[in-house]
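Structure at a glance
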Amino acid sequence: MRGQRGASLLELLAVLALAGVIATITVIGSLGWIRRQAATSSVYHVQSMLQSGRAEAVARNRACQVRVEPQSGTLWLIDLNLPGSGDDVQIARLQLSRTTRFARPDGGDAVTLSVLPGGLYEATFEADGTVVSGAGGEVVLLGDDDYHRVTLLGAGAVRVDRWTPAGWEGG
């Protein structure tokens, strides 16, 4: 095996520099994907919380409420044990991604559920799953330059739409 030599220091440095450039490009490209995934996740968390509110009301056979606080990006699912008695029970609490915020493309109110004191909004479901407050309300989120709208329909169903230059489109 005479006459064979290993790689020179210059060759090794060139390979390492090339690997560094490729790694940097990969990380930068991944950041946009991560932001998009966080925004999509937030939309589905809102959708899931509203659907869970309805399911919990039916399962517990009493009213449940989903509360939204846009300032902090927090959602709660509350069992209204005995409405008005102050003994409500928190079932779940959810914090949306910091990269997502409540905003509308037209500058209107990002949350149009029923209003509660203290900057809170709510949707309340009866024991049979029907919406008694907040029906027709929307939660609009902005994440990674994409707007998504979650609409609570009167029968308790939830619809998600995406903003395009032509307006709101399903999906």
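Quick caveat, the model's predicted, so the values are computed rather than measured. (Residues numbered from 1 in each chain as written. Predicted model: local features only at pLDDT ≥ 70, side-chain atom pairs only at ≥ 80, totals over all residues. Heavy atoms only, no water.)

1. Describing the pattern of salt bridges
Should the charged atoms of two oppositely charged side chains come close, the side chains can pair. Rules: A pairing counts as a salt bridge when a side-chain nitrogen of Lys or Arg comes within 4 Å of a carboxyl oxygen of Asp or Glu. Elements are defined by DSSP. Helices are runs of H or I of four residues or more, strands are runs of E of two residues or more, and each kind is numbered from the N terminus. Only protein chains enter the area calculation, which uses a 1.4 Å probe; residues under 20% of their type maximum are buried, those over 50% are exposed, and those in between are partly exposed.
Per the stated rule, a full pass over the model turns up ten salt bridges. Between Asp 88 and Arg 67 there is a salt bridge; the shortest N-O distance is 3.4 Å. In this pair, Asp 88 sits in the loop between strand S2 (74-79) and strand S3 (89-95) while Arg 67 sits in strand S1 (residues 64-69), placing the two residues 21 residues apart along the sequence. Where Asp 106 meets Arg 104, a salt bridge forms, and the shortest distance between an N and an O atom there is 3.0 Å. Overall, Asp 106 belongs to the exposed group, its relative accessible area being 56%. Judged by relative accessible area, which is 15%, Arg 104 ranks as buried. What emerges from the salt-bridge pattern is a single network uniting Arg 104, Asp 106, Glu 138, Arg 149, Arg 159 and Asp 161.

2. Looking at the side chain of Asp 161
To be explicit about the condition: For the purposes of these results, a polar contact is taken to be a pair of N or O atoms within 3.5 Å, where, inside protein, one atom must be able to donate a hydrogen and its partner to accept one; residues adjacent in sequence count only when each atom of the pair is a side-chain atom.
Within the secondary structure, Asp 161 is located in strand S10 (residues 158-164). On the accessibility criterion, Asp 161 (4% relative accessible area) is buried. Among the polar contacts made by the side chain of Asp 161, one reaches the side chain of Arg 159 at a distance of 3.1 Å.

3. Considerations on the pairing of S10
Convention followed: When DSSP finds two or more bridges between a pair of strands, those strands are recorded as paired.
In terms of strand pairing, strand S9 (residues 146-152) meets S10 through five bridges, oriented antiparallel. Counted as the bridge partner of Thr 151 is Arg 159 from S10. What sits between the antiparallel neighbours S9 and S10 is a turn of five residues, in which Gly 156 has the positive phi angle 105°. Relative to strand S11 (residues 167-170), S10 runs antiparallel, the two sharing four bridges. Considered in S11, the bridge of Trp 163 is made with Trp 168.

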